[in-house]
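Overview (structure and organization)
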Number of protein chains: 2
Amino acid sequence: MNAQPSLQQQAQQLSESVTRPIPGSHKIFVPGSRADLQVPMREIVQSRTPTLFGGEENPPITVYDTSGPYTDPQATIDLAAGLAPLRARWIEERGDTEQLTGLSSAFGRSREDNAKLDAVRFPSRVLPRRAIGGANVTQMHYARRGIVTPEMEYVAIRENQRLDAVRDAGLLVQHPGQSFGANIQTIITPEFVRDEIARGRAVLPNNINHPESEPMIIGRNFLTKINANIGNSAVSSGIAEEVEKLVWAIRWGGDTVMDLSTGKHIHETREWIIRNSPVPIGTVPIYQALEKVDGRAEELNWEIFRDTLIEQAEQGVDYFTIHAGVLLRHVPLTAKRVTGIVSRGGSIMAKWCLAHHKENFLYTHFEDICDIMKAYDVSFSLGDGLRPGCIADANDAAQFGELEALGELTKIAWKHDVQTIIEGPGHVPMQLIKQNMEKQLHECGEAPFYTLGPLTTDIAPGYDHITSAIGAAMIGWYGTAMLCYVTPKEHLGLPNRQDVRDGIMAYKIAAHAADLAKGHPGAQVRDNALSKARFEFRWEDQFHLGLDPEKAKEFHDETLPKDAHKLAHFCSMCGPHFCSMKITQDVRDYAAEQGLEEAGALEAGMAEKSAQFREQGAQVYRIE
Amino acid sequence: MNAQPSLQQQAQQLSESVTRPIPGSHKIFVPGSRADLQVPMREIVQSRTPTLFGGEENPPITVYDTSGPYTDPQATIDLAAGLAPLRARWIEERGDTEQLTGLSSAFGRSREDNAKLDAVRFPSRVLPRRAIGGANVTQMHYARRGIVTPEMEYVAIRENQRLDAVRDAGLLVQHPGQSFGANIQTIITPEFVRDEIARGRAVLPNNINHPESEPMIIGRNFLTKINANIGNSAVSSGIAEEVEKLVWAIRWGGDTVMDLSTGKHIHETREWIIRNSPVPIGTVPIYQALEKVDGRAEELNWEIFRDTLIEQAEQGVDYFTIHAGVLLRHVPLTAKRVTGIVSRGGSIMAKWCLAHHKENFLYTHFEDICDIMKAYDVSFSLGDGLRPGCIADANDAAQFGELEALGELTKIAWKHDVQTIIEGPGHVPMQLIKQNMEKQLHECGEAPFYTLGPLTTDIAPGYDHITSAIGAAMIGWYGTAMLCYVTPKEHLGLPNRQDVRDGIMAYKIAAHAADLAKGHPGAQVRDNALSKARFEFRWEDQFHLGLDPEKAKEFHDETLPKDAHKLAHFCSMCGPHFCSMKITQDVRDYAAEQGLEEAGALEAGMAEKSAQFREQGAQVYRIE
């Protein structure tokens, strides 16, 4: 840290590449029922259809926006100050929490007192809040008492993506979906959000100590979400890099971000990330607990773990992966696997169980954990410590044994009104994917499923964003609520910035393909708009409507770099004199002109027009 | 061409990057029933398991090899001479063909006589063969007469990939597949190949004028194949570049290559490609026919098209895309589509039909085309001229009307014993994919389906290799026999070399995921071997067993570049002191030692061992 600028200085210097506005769109705010409820979205502006194709206006397309203020040229970013605490007033208003006078965790206090950490510490001290005297402050608890919170209204507005405007414009045309029993709504109301959370079918991960977060919802009756993992390890990367990765990940569409750091300064890195994150942050607390015992799993105990949970809950972590379903009886079931236990958390707990010949302390202390969760509204992400690490191990007794245990734990969490999602898959061949979803719905009472991939083959290291996007799209269709991304570096190394972008894109594709297939109302609006733009050679609109406008333009420019080509009614694939889109327009103009859209009409009216068409040079369409 | 080296000179200079041997494997030849039947495969050598994990030998894994002699360091490559005519003797032996004294097509002769083309012409003149006096020389014709050709035996050996060795070694362990009615065999016999070809359920595309080709088979009861498109257009690329693209495409696993050139020198480019291609080559003859009438579709006629078919058949094209199913009555059905007709061939024929108000001449002359196909053994790839170009247009009346027409045409082709595959999809959301497969099987009598993607969403320009790999994997699982790749540049520009590699990798993944899901015997062998290598930290083996060993190593080296790291029993994701694989090995060693693999045994035997385990430091595994 000596010769380099301090972290606080570095943090001011988010590179322009992660913050520049997304081309062709701007931020809008959709108001809710109160002045401080303004839901940010991204409005993609379209140009007019060329006169040739009809000359009509094309309405803007609204998409929800995970990028926070970072892509807003109006916003002032100060990483050392953190984001504005958007939800602070809502939390205070409820009157069931209080600001503490200091940190409750011993570890948190020791970090605070350590002057050596000044150089890496987030500069503004934030005192945590906690429920007053045993109160339950979870969104599930409110939901079950019939309360619609501002957070619930927020996500309802957000999920709708201004669909009413689309419906009024007659653009809500799409194929019927196949939803496998999901309860897809035409319009998402705040009351529906409340009901889904109350039933446990959806989760709104919003720690009261993360008031900077913009509420989002995870459940199979809502849009499919994706998670991006960031985090350093002993081998690589530092704090500034991780914060920039966060901003980068949400730029491209990460709905939540998990901080999986295992290296030094976990605590400080996390503080920087949370204070600057508009999306929910998840962690795996056992990673940090393990560092506290110098990597010796057998020395873990409930007290250390408990202190870690409180430490992180008071920082504002929105959901915890807890590997409480790795039971003593499951461990030997992994012995004959091709790749054993591949989850880090799972292997830590397995090792602990073996060393002590005791039941997993996360399982035996599960209700104690619930008590912590409900004091801060941290959601459970019940970890799949025994997920299969290769095709051979898919859907085996270990995996499904653990899933059954997670079902039991879900019921306990719900007894405490603690929000819960269930982690799943790993490596699963296509024909075995559906069984995972069906069993999860059955065992876990429709609690949201949150799956890594699944990877549908093991043979493509370097391309596992693709092997897994295939499985992710399918399991998303079947009902998984959130897809945990996999980057191209999976199994090979830590993802760099390009890998993160590639992983997120693959997963935004999978999630959207799932939404289309389930038949979410309006899911096809963006597809329709992009395809219409494509057909009409509105190149810029095509780029802007895509998931990655920058990449699309860059690719187009490789072959046709001139600005004039953005207006060209041809593309590089076929060149200016040969274009199927052009020829189609002939067909369309002709059929429309003659009222021949129906098959029968053509047969009747065609003969006399044929000669005339040829006389016109069979070139109805001309480049202007 | 003036200041530059001649094409003949350029062609000598295939870059090292496209021809260097694939790391960790070597070419082997599996002998058939006759001395000149030697089926090339790639044997991936594995190292021994580290002593720590058992120390056993790991057998080599055999995969089929599309790369021809280019990756063989023993081979001498002379592009100006072309590849050795491997099948020449087999063709001659049948005694039903003769070598002509000159080209039969007027266009071919005019190119031959044009001295201006000397600089771009393939230097060795090859006289074509043709069936003698109306004989039928298709593999289907032989198959139906009960003849097992050397080509059939060749593909049987190739499809088996030396599975017997794997079975004998006890490594044929995999999940049951779900095949949707496919007739998956335990062992592929030459007789099974014959029978599948006779029924029309498989195609062996092998023009008698492409004796350089290594036989391969396309059918849903065989391994799923992929096609890579190459080809220049008016805007880009030349002959040398296209030949290098061919070699590049087959290096990564293209099973067939379609030459979709539309620019100048189509004829000459094709000759270079075919003479140097070990894989079947497909074309869309209407592209070239259109050039002959200066791009005016309405001036096309049967005579020009017929001459083009003969021209290309005598060069050795193995399959022709023929858009004979675009019927006059279908054309108006596309008028209200969002993206109309997006197939170039489809739009050409639609324009022709409209201009003349006549039925598609490819349809009315279909039996004339069959007569040409059977004189050279060119296979039909019945084109999907009305495939949907966006999600909105999927599975509509135009698409399915054409598919029904293709079903009729299949029956006519089969009457002539002409081999036939059916082209399909385009853009189709997941929930509508299966209907495509089911309808194709029904309408087309189980003729092999050959689909582009399908792309499962329109909103990701720049990433359509992924949007489509999802659909391709699914439709492959459902029964599609060959998947036509889509590159990241789809909709945006012409693919460069990196795009071709990315497209092929996405499709090799999709095809393999489909094979696993269908339950092809041995499909999981490579997955199992790779995952075992991964678990045992055999890094080099893991790279070599992957679809792209070069990329895997490159990614690994980004974080851990040292050679020593290739032997390290950790990876960059978790660092040296924290590794789930390591911990799993503790579990495994322990359970095995104690005979505790079964769940019950653990409960019984564990208590007494627990203390002992802790005494050993709970670190059974140590880095050496």
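Residues numbered from 1 in each chain as written. Chains lettered and ligands numbered in written order. Predicted model: local features only at pLDDT ≥ 70, side-chain atom pairs only at ≥ 80, totals over all residues. Heavy atoms only, no water.

As named in an unreviewed UniProt entry, chain A is Phosphomethylpyrimidine synthase, taken from Stenotrophomonas humi. If you open the UniProt record of chain A and go to Sequence similarities (unreviewed entry), you find "Belongs to the ThiC family." Quoted straight from UniProt, the Catalytic activity (unreviewed entry) entry for chain A says "5-amino-1-(5-phospho-beta-D-ribosyl)imidazole + S-adenosyl-L-methionine = 4-amino-2-methyl-5-(phosphooxymethyl)pyrimidine + CO + 5'-deoxyadenosine + formate + L-methionine + 3 H(+)". (UniProt positions renumbered as here; feature names shortened; annotations may be inferred.)

We now examine the packing of helix H18 (residues 464-478) of chain A against helix H19 (residues 497-518) of chain A. Residue and element names in this part refer to chain A. Running from amino to carboxyl end, H18 crosses H19 at an angle of 25°, the nearest separation of the two axes being 8 Å. Taken together, the axes of H18 and H19 lie roughly parallel to each other. In the packing of H18 onto H19, the handedness of the crossing is right-handed. Touching His465, Ser468, Ala469, Ala472, Ala473, Gly476 and Trp477 of H18 are Asp502, Gly503, Ala506, Tyr507, Ala510, Ala513, Ala514, Ala517 and Lys518, all from H19. Among the residues forming the contact of H18 with H19, the class breakdown is 10 nonpolar, 4 polar and 2 charged. (Axes fitted to C-alpha atoms, helices over the stretch in contact; angles between N-to-C directions. Helix = DSSP H or I, 4+ residues; strand = E, 2+ residues; numbered from the N terminus. Parallel < 35°, antiparallel > 145°, perpendicular 65-115°, else oblique. Left-handed = near helix turned anticlockwise from the far one by under 90°. Contact = heavy atoms within 4.5 Å. Nonpolar A, V, L, I, M, F, W, Y, C, P; charged D, E, K, R; others polar.)

Residues annotated by UniProt as "domain: ThiC-associated" (unreviewed entry) correspond here to residues 21-98 of chain A. Across residues 21-98 of chain A, the secondary structure splits into 8% helix and 26% strand, with the terminal C-alpha atoms separated by 38 Å.

With that out of the way, let us pick up helix H11 (residues 285-292) of chain A. A large share of H11 of chain A lies buried, amounting to 6 of its 8 residues. Of the residues flanking the end of H11 of chain A, it is Asp294 of chain A, one or two places downstream, whose phi is positive at about 55°. (Buried < 20%, exposed > 50% of the residue type's maximum accessible area, 1.4 Å probe, protein only.)

As a further point, take the confidence of the model for chain A. Interpreting fine coordinate detail is not advised for predicted regions of low pLDDT. Residue and element names in this part refer to chain A. Of the residues in chain A, 87% reach a pLDDT of 70 or more, and the chain-wide mean stands at 89. For the stretch residues 1-5, pLDDT sits under 50, and the model shows 3 contacts to residues farther than four places along the chain or on other chains. Taken together, the stretch residues 597-624 has pLDDT below 50 and engages in 60 contacts with residues farther than four places along the chain or on a different chain. Complex prediction metrics read pTM 0.93 and ipTM 0.93. (pLDDT = per-residue confidence, 0-100.)

Let us look at the sheet that holds strand S11 (residues 319-322) of chain B. Strand pairing in a sheet relies on backbone hydrogen bonds. The paired strands run either parallel or antiparallel. Residues and elements named next belong to chain B. Overall, parallel pairing links the 8 strands, which are arranged S8-S9-S10-S11-S12-S13-S14-S15 in a closed barrel. On average, adjacent strands in this sheet sit at an angle of 25° to one another, irrespective of strand direction. Where strand S8 (residues 225-230) lies against strand S15 (residues 482-484), 3 bridges are found, and the strand directions are parallel. Among the inter-strand pairings, Ile226 is bridged to a residue of S15, identified as Leu483. Contacting strand S13 (420-427), strand S14 (449-455) and S15, helix H18 (residues 464-478) runs over the sheet at an angle of about 135° to S14. (Pairing = 2+ DSSP bridges.)

Another point: the UniProt feature "binding site: Zn(2+)" (unreviewed entry) in chain A. Feature annotation in UniProt places "binding site: Zn(2+)" (unreviewed entry) on His427 and His491 of chain A, given in this structure's numbering. The largest pairwise C-alpha distance within this set of annotated residues, which runs over 65 residues, is 12.2 Å, so the set is compact in three dimensions. Relative to the elements of secondary structure, His427 of chain A occurs in strand S13 (residues 420-427). Discounting chain neighbours no more than four positions away, the residues touching His427 of chain A are Pro388, Gly389, Cys390, Ile391, Ala394, Leu455, Asp458 and His491 of chain A together with Arg534 of chain B. Of the polar contacts made by the side chain of His427 of chain A, one reaches the backbone oxygen of Gly389 of chain A; its length is 3.3 Å. Considering the arrangement of structural elements, one finds His491 of chain A in the loop between strand S15 (482-484) and H19. Side-chain polar atoms of His491 of chain A contact the side chain of His427 of chain A, separated by 3.4 Å. (Polar contact = N/O pair within 3.5 Å; in protein donor to acceptor, adjacent residues only side chain to side chain.)

This paragraph deals with the packing of aromatic side chains. Counted by the stated rule, this structure contains 25 aromatic pairs over all chains. Aromatic pair Phe305 of chain A and Phe361 of chain A: ring centres 6.0 Å apart, planes at 70°, arrangement edge-to-face. A residue pair is termed long-range when its members are at least 10 positions apart, and Phe305 of chain A in helix H12 (residues 302-315) and Phe361 of chain A in helix H14 (residues 361-364) qualify at 56 residues. Summarising the aromatic geometry, the rings of Trp248 of chain B and Trp252 of chain B are spaced 5.5 Å apart at their centres and angled 85° between planes, so their arrangement reads as edge-to-face. With a gap of 4 residues between them, Trp248 of chain B and Trp252 of chain B both fall in helix H9 (residues 239-252), about one helical turn apart. On the accessibility criterion, Trp252 of chain B (5% relative accessible area) is buried. Among the aromatic residues, those joined into a cluster by ring pairs are Trp302, Phe305, Trp352 and Phe361 of chain A. A cation over an aromatic ring shows up here: Lys489 of chain B above the ring of Phe555 of chain A, its NZ or CZ 4.8 Å from the ring centre. (Phe/Tyr/Trp six-rings, centres within 6.5 Å; stacked < 30°, edge-to-face > 60°. Lys NZ or Arg CZ within 6 Å of the ring centre and 35° of its normal.)

With 288 residues, the main nonpolar core has Phe305, Phe380 and Met430 of chain A together with Phe305, Phe380 and Met430 of chain B as its most contacted residues. The residues touching Met430 of chain B, leaving out its near neighbours within four places in the chain, are Ala473, Met474, Trp477, Ala513, Ala514 and Ala517 of chain A together with Thr456, Ile470 and Met474 of chain B. (Core = buried A, V, L, I, M, F, W, Y, C linked by side-chain atoms within 4.5 Å.)

A cis geometry characterises the amide bond from Gly453 of chain A onward to Pro454 of chain A, with omega recorded as 10°. For Pro454 of chain A, the position within the fold is in strand S14 (residues 449-455). One non-glycine residue, Asp417 of chain B, lies in positive phi territory at about 55°. Note on placement: Asp417 of chain B falls in the loop between helix H16 (397-415) and S13.

A few words now on the environment of Phe122 of chain B. Residue and element names in this part refer to chain B. With respect to the element layout, Phe122 can be found in the loop between helix H4 (106-113) and strand S5 (129-131). Note on Phe122: relative accessible area 5%, which makes it buried. In this structure the C-alpha to C-alpha distance between Phe122 and Pro280, which are 158 residues apart in sequence, comes to 19 Å. If we ignore the near neighbours within four places in the chain, the residues touching Phe122 are Leu79, Ala80, Ala81, Gly82, Glu271, Trp272, Arg275 and Asn276.

To continue, consider the sheet that holds strand S3 (residues 61-64) of chain B. Residues and elements named next belong to chain B. Spatially, S1-S2-S3 is the arrangement adopted by the 3 strands of the open sheet, whose pairing is antiparallel. Single-partner strands in this sheet number two, and they are strand S1 (25-31) and S3. This sheet shows a mean twist of 40° between the axes of neighbouring strands, independent of strand direction. In the sheet, S1 pairs with strand S2 (residues 38-44) via 7 bridges, with the strands oriented antiparallel. Its bridge partner lying in S2, His26 is registered against Glu43. Contacting S1, S2 and S3, helix H6 (residues 150-160) crosses the sheet at an angle of about 10° to S2.

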